[in-house]
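Here is what each chain is made of, one letter per residue.
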Amino acid sequence: MTGPAATVPHRRTGQRVEAAGPLDLSGSGRGTAEAVRFLRECQGLGLRVDWRAAGTPSYDLALLHHLPPPTAFPSPASGQAGWRAAYGHGILYHRRGPDFVTVLDRRERGTAVRLTLDHPALVGTFLRLLEPTPLDALDPVGREALGLLGDERLVLAAGGWAVSLPPRIRRWPVPCTAI
């Protein structure tokens with residue numbers, strides 16, 4: 001993918017993206033999965049995103065703290081301050097190798113978890129869920145893998161849809177020589 005997901009109307013100006021309307025975070029269906037994919041892809045491309053949230057999440061909102069926080073929530077009590085405080089570029093991302101995927105997860109302060117997915121069902125399901133997927137489209141092996149990935153907080157499964165959370169970061173905000 002060379003840009004943000006086309007399923008979310010947006011306007012891109014250089015390294016800045018503005019979503020045309022509020023993104024559904026309720027977890028009630030495909031809209032939430034598409035919104036998460038859009039934000040994940042923007043994150044991976046190093047784009048600044050201006051967006052507004054809609055809906056009350058039916059899942060733990062901390063799953064999304066690795067993604068750019070919204071500029072506005074439907075209500076002040078819905079977690080915007082916590083998201084802004086917890087957000088950091090690159091606190092969750094994945095890299096791919098031949099027949100494996102590694103994930104670095106630093107969403108919980110003071111911890112760094114590195115996971116290597118090398119079982120074919122886990123790798124296949126993780127990669128398949130980079131595109132929002134209806135749960136009923138997964139076979140029994142895929143559903144079992146989804147459960148394991150969900151236990152590690154690597155996917156969002158809500159409203160009958162699932163999507164992988166860690167972006168594949170293609171552009172870091174500083175040159176590698178500055179780190």
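You'll find the structure just up there.
Here goes a summary of the coordinates provided. Please read all numbers here as calculations on a predicted model, not as lab measurements. (Residues numbered from 1 in each chain as written. Predicted model: local features only at pLDDT ≥ 70, side-chain atom pairs only at ≥ 80, totals over all residues. Heavy atoms only, no water.)

### Quick look at the overall build of the chain
Rule in force here: Strands are runs of DSSP state E lasting at least 2 residues, helices are runs of H or I lasting at least 4, and numbering of each runs from the N terminus. Between the two quantities, the radius of gyration covers C-alpha atoms and the globule rule is 2.2 Å times the number of residues to the power 0.38. The classification of residues rests on relative accessible area computed with a 1.4 Å probe and restricted to protein chains. Under 20% of the type maximum is buried, over 50% is exposed, and intermediate values are partly exposed. Contacts are assigned to residue pairs that have any heavy atoms within 4.5 Å of one another. What sets the accessible areas is the Shrake-Rupley method with a 1.4 Å probe; for residues, cover comes only from the shown protein chains. In this tally, Asp and Glu contribute negative charge and Lys and Arg positive charge; neither His nor the terminal groups of the chain are included. Where a charge sits is defined by one atom per residue type, namely NZ (Lys), CZ (Arg), CG (Asp) or CD (Glu).
Within the chain one finds four helices and eleven strands. Relative to a compact globule of 179 residues, whose C-alpha radius of gyration would be 16 Å, the chain shows 16 Å and is just as compact. With the C-alpha coordinates of the chain rotated into their principal frame, the extents come out at 45 × 40 × 35 Å. Taken over 179 residues, the chain has a buried fraction of 47%. Counted over contacts in the chain with a minimum sequence separation of 6, partners at least 24 positions apart contribute 57%. A total accessible area of about 8,900 Å² is found for the chain, and carbon and sulfur atoms account for 54% of it. Charge centroids of the chain, computed over 21 positive and 16 negative side chains, lie 10 Å from each other.

### With respect to the sheet that holds strand 2 (residues 16–19)
Which entries qualify depends on this criterion: Between any two strands, pairing holds if DSSP finds at least two bridges. Angular values range over 0 to 180 degrees, each being the angle between N-to-C directions of two axes fitted as lines to C-alpha atoms, with helices fitted over their stretch in contact.
The sheet built from three strands is open, its strands ordered 1-2-4 with mixed pairing. Because the sheet does not close on itself, it has two edges, and the strands there are strand 1 (10–13) and strand 4 (48–50). Pairs of neighbouring strands in the sheet enclose a mean axial angle of 20°, with direction left out of account.

### Comments concerning the layout of surface pockets
Heads up, the condition is: Grid points spaced at 1 Å and placed over the protein atoms alone form the basis of the search, with a cavity being a set where a 1.4 Å probe fits but cannot get out and a pocket an open set showing protein on both sides within 12 Å along at least five of seven lines. Lining residues have an atom within 4 Å of a point. Grid points are joined across faces, edges and corners, and a volume is the space filled by probe spheres set on the points. Here the nonpolar group is Ala, Val, Leu, Ile, Met, Phe, Trp, Tyr, Cys and Pro; Asp, Glu, Lys and Arg are the charged ones; every other residue, Gly included, is treated as polar.
The volume enclosed by the largest pocket comes to roughly 200 Å³. As for the largest pocket, its lining consists of Ala62, His65, Asp105, Arg107, Glu108, Thr111, Val113, Leu115, Glu152, Arg153 and Leu154. Taken together, the residues of the lining of the largest pocket break down into four nonpolar, two polar and five charged. A volume near 160 Å³ is recorded for the second largest pocket. Considering the residues around the second largest pocket, the lining is formed by eleven residues, among which Leu47, Arg48, Val49, Pro68 and Tyr87 are closest to the centre. Put simply, the parts of the chain that give the lining of the second largest pocket at least two residues each are helix 1 (30–44) and strand 4. Counted by class, the lining of the second largest pocket contains seven nonpolar, three polar and one charged residues.

### Regarding the nonpolar core
The cut-off we apply is this: Residue types Ala, Val, Leu, Ile, Met, Phe, Trp, Tyr and Cys, when buried and joined through side-chain atoms within 4.5 Å, form a set referred to as a nonpolar core.
Counting residues in each nonpolar core, the largest one holds 45 residues, and the members touching the most others are Leu25, Phe38, Trp51 and Leu64. Where this core is concerned, the elements lending two or more residues are strand 2, helix 1, strand 7 (100–105), strand 8 (113–117), helix 3 (120–128), helix 4 (140–151), strand 10 (155–158) and strand 11 (161–164). Top contributing element to this core by residue count: helix 1, with six residues. The residues touching Trp51, leaving out its near neighbours within four places in the chain, are Ala19, Leu23, Leu25, Leu39, Pro68, Pro69, Pro70, Thr71, Ala72 and Trp83.

### Let's talk about the sheet that holds strand 8
Overall, antiparallel pairing links the three strands, which are arranged 6-7-8 in an open sheet. Every interior strand has two partners, whereas the edge strands, strand 6 (92–97) and strand 8, have only one. Direction aside, neighbouring strands of the sheet carry axes that sit 15° apart on average. Two elements, strand 6 and strand 7, share six bridges in a ladder whose sense is antiparallel. Residue pairing for strand 7: Tyr93 is matched across the bridge by Leu104.

### Things to note about the pattern of salt bridges
Selection criterion: Salt bridges are identified by distance alone: a Lys or Arg side-chain nitrogen within 4 Å of an Asp or Glu carboxyl oxygen.
In total, this model carries ten salt bridges according to the counting rule given. With a closest N to O distance of 3.1 Å, Glu34 and Arg30 form a salt bridge. In this pair, Glu34 and Arg30 both sit in helix 1, four residues apart, roughly one turn of the helix. By relative accessible area, Glu34 is classed as buried at 6%.

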